[in-house]
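Understanding the architecture of this molecule
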Amino acid sequence: MHPERMEVDIDVSIVVPVYGGCDALNELSQRVGKSMQGAGLTYELILVDDRGQAESWPVIRDLARNDAHIVGLRLSRNFGQHAATICGIEQARGNWIVTLDDDLEHPPESIPALLEAGNEDCPLVYGLFPRRTHARYRNLSSELMRRALKRAFPDLNTEYSSFRAIHAPLAHQLIGFKLSRPYIDGMLSWMTSSVATVEVTHGERKHGDSAYTLRKLVSHAVNIFVTFSHWPLRVASYSGAALALASFVYMMFVVYGYFTGTITNPGYTSLMSVILFACGVQLLILGVLGEYVGRLMGAAYHKPVYLVESRTSSGAKGSIRT
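Described in the following lines is the structure provided in the data block. On a predicted model such as this, the values are computed, not experimentally measured, just so you know.

With 33 residues, the main nonpolar core has I14, V16, L25, L47, V98 and F163 as its most contacted residues. Every element with two or more residues in this core is listed here: strand 2 (10-18), helix 1 (25-39), strand 3 (43-49), helix 2 (56-66), strand 5 (94-99), helix 4 (111-117) and strand 8 (195-199). Other than its neighbours up to four places away in sequence, I14 contacts V32, M36, Y43, E44, L45, I46, V98, L100 and I111. Within the second largest apolar cluster, 31 residues are counted, among which are V15, I46, I86 and Y126.

Spelled out as structure tokens, the structure:
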């Protein structure tokens, strides 16, 4: 689905996937407006309701009615942060596209700094947080995940975050991936290695709690590993080889014991140990292969990344064509 784009010169489109931060949207829109006006930039603010809270859409709708800079999009169900972000990117009309969270942890006042650091030769700029205000377990799990991802995915931009400025020609290429479970930073890392970073202050969350629970973080990590890295296959292969070697050594020990008289009857336990080792290796490998087959099936189905249920804005910004 693509909007019928009008010839409007917009410096920056700011895309915000909205899940659990509807209470912060009024302040967010005001701070975005002041920041853009202070920098002399024309802008649009695209709020994508990812069906996290029932109260989000009425707030977005009211903001869009009262501010011609704001466009609201409501997805038909919860598709996830990355899918919602790509939805906003596809509808964006700015020369640059900035993505940020809805909880005010990404300060809108830093957007001009990100844009200043970018150019046609460096089309991707990340906001880098020297210190994060998350809980200790969240910071620790994020750091562990970054290190694991870097080992599994060497091309990944190590200083990635969801606070990004992307040159529009690069950003719109994300739409062509057609992944049912997209991971924007992995896709961007594959697309370009020309990346800059700008240190910004990590804001305090004023409303609600983070939507990323430990379970969701683990699920997100598994999706990244399986979709963008062959490392799980290598781990399965190495583990299978190691277990097969251990089984072989044990079998040699049993054979040696049989001929030397040390072991007269290996018995049921030894037999079952060998069988279980072999079955464990097979199941481990089949499990990982099953994850990859599932991703291939998802790609073969060509499911859309998102479905827009409705759109609201106060300006004549075109309609969505289905």
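There is more to say after this.
One pass over the structure, following the stated rule, counts 6 salt bridges. A salt bridge links R65 to D62; the shortest N-O distance between them is 3.9 Å. Residue R65 and its partner D62 are both found in helix 2; the two are separated by 3 residues, about one turn of the helix. The class of D62 is partly exposed, set by a relative accessible area of 39%. Ionic contacts of the salt-bridge type, sharing partners, join the residues E27, R31 and E109 into one network.

The residue S13 is located in strand 2 in this model. A polar contact is formed between the side chain of S13 and the backbone nitrogen of G94, at a distance of 2.7 Å. Ignoring any residue separated from it by four or fewer positions in sequence, one finds S13 in contact with E44, A92, R93, G94, W96, I97 and V98.

Next up on the list: helix 3 (residues 81-91). With respect to burial, helix 3 is a largely interior element, 10 of its 11 residues being buried. Residues H82, A83, A84, T85, I86, C87, G88, I89, E90 and Q91 constitute the buried set of helix 3.

Quick look at the environment of D102 now. With respect to the secondary-structure elements, D102 resides in the loop between strand 5 and helix 4. For D102, a relative accessible area of 9% corresponds to the buried category. The spacing of D102 and C22 is 80 residues in sequence and 7.4 Å in space, taken between C-alpha atoms. Ignoring anything within four residues of it in the chain, the contact list for D102 reads V16, P17, V18, Y19, G20, G21, A24, L25 and L28. From its side chain, D102 meets the backbone nitrogen of G21 in a polar contact 3.0 Å long.

Between the first and last C-alpha of helix 1 there are 21 Å, a value that for 15 residues agrees with the 21 Å anticipated at 1.5 Å per step. Residues L25, L28, S29, R31, V32, G33, S35 and M36 constitute the buried set of helix 1. Here the buried face of helix 1 lies against strand 2, strand 3, helix 2, strand 4 (70-75) and helix 4. G40 sits one or two positions beyond helix 1 and adopts a positive phi of about 70 degrees.

What follows concerns the packing of helix 3 against helix 7 (residues 184-191). Their axes nearest at 10 Å, the elements helix 3 and helix 7 cross at an angle of 60 degrees. Between helix 3 and helix 7, the crossing angle belongs to the class labelled oblique. Where helix 3 abuts helix 7, its residues H82, T85 and I86 lie against I184, D185 and M187. Grouping the amino acids of the contact of helix 3 with helix 7 by side-chain chemistry returns 3 nonpolar, 2 polar and 1 charged.

Our next topic: the pairing of strand 5. Across the 6 residues that make up strand 5, a large majority, 5, are buried. In this structure, strand 2 lies alongside strand 5, joined through 5 bridges in parallel fashion. If you follow V15 over to strand 5, its bridge partner there is T99. In the sheet, strand 5 pairs with strand 7 (residues 164-167) via 4 bridges, with the strands oriented antiparallel. When the sheet's bridge partners are listed, T99 is paired in strand 7 with R164.

On the surface, L245, F248, V249 and M252 cluster together to form a nonpolar patch covering roughly 410 Å² of accessible area. Along the polypeptide, V249 turns up in helix 9 (residues 231-260).

A separate point is the packing of helix 1 against helix 2. Here helix 1 crosses helix 2 at 30 degrees, and the two axes come no closer than 10 Å. Put simply, helix 1 runs roughly parallel to helix 2. Both helix 1 and helix 2 take part in a crossing whose hand is right-handed. Here L25, N26 and S29 of helix 1 come into contact with helix 2, specifically with V59, I60 and L63. Along the lines of polarity and charge, the residues of the contact of helix 1 with helix 2 split into 4 nonpolar, 2 polar and no charged.

In this fold, S56 is placed in helix 2. In contact with S56, other than residues within four places in its own chain, are V18, Y19, C22 and D49.

Our focus in this paragraph is the pairing of strand 3. With 7 of 7 residues buried, strand 3 is to be regarded as a mostly interior element. Burial of strand 3 is two-sided: the residues Y43, L45, L47 and D49 facing one way and the residues E44, I46 and V48 facing the other way are all buried. In terms of strand pairing, strand 2 meets strand 3 through 7 bridges, oriented parallel. For V15, the partnering residue across the bridge sits in strand 3 and is I46. The parallel pair strand 2 and strand 3 is bridged by helix 1, and the resulting crossover is right-handed. In the sheet, strand 3 pairs with strand 4 via 5 bridges, with the strands oriented parallel. For L47, the partnering residue across the bridge sits in strand 4 and is G72. In terms of handedness, the path from strand 3 via helix 2 over to strand 4 forms a crossover that is right-handed.

Rules used in this analysis
- Residues numbered from 1 in each chain as written.
- Predicted model: local features only at pLDDT ≥ 70, side-chain atom pairs only at ≥ 80, totals over all residues.
- Heavy atoms only, no water.
- Core = buried A, V, L, I, M, F, W, Y, C linked by side-chain atoms within 4.5 Å.
- Buried < 20%, exposed > 50% of the residue type's maximum accessible area, 1.4 Å probe, protein only.
- Helix = DSSP H or I, 4+ residues; strand = E, 2+ residues; numbered from the N terminus.
- Contact = heavy atoms within 4.5 Å.
- Salt bridge = Lys/Arg side-chain N within 4 Å of Asp/Glu carboxyl O.
- Polar contact = N/O pair within 3.5 Å; in protein donor to acceptor, adjacent residues only side chain to side chain.
- Expected span 1.5 Å × (residues − 1).
- Axes fitted to C-alpha atoms, helices over the stretch in contact; angles between N-to-C directions.
- Parallel < 35°, antiparallel > 145°, perpendicular 65-115°, else oblique.
- Nonpolar A, V, L, I, M, F, W, Y, C, P; charged D, E, K, R; others polar.
- Pairing = 2+ DSSP bridges.
- Patch = residues over 30% accessible without salt bridge, like charges linked within 9 Å, V, L, I, M, F, W, Y side chains within 5 Å.
- Areas by Shrake-Rupley, 256 points an atom, 1.4 Å probe, with all protein chains shown as cover.
- Left-handed = near helix turned anticlockwise from the far one by under 90°.
- Right-handed = clockwise from strand over helix to strand, strands pointing away.

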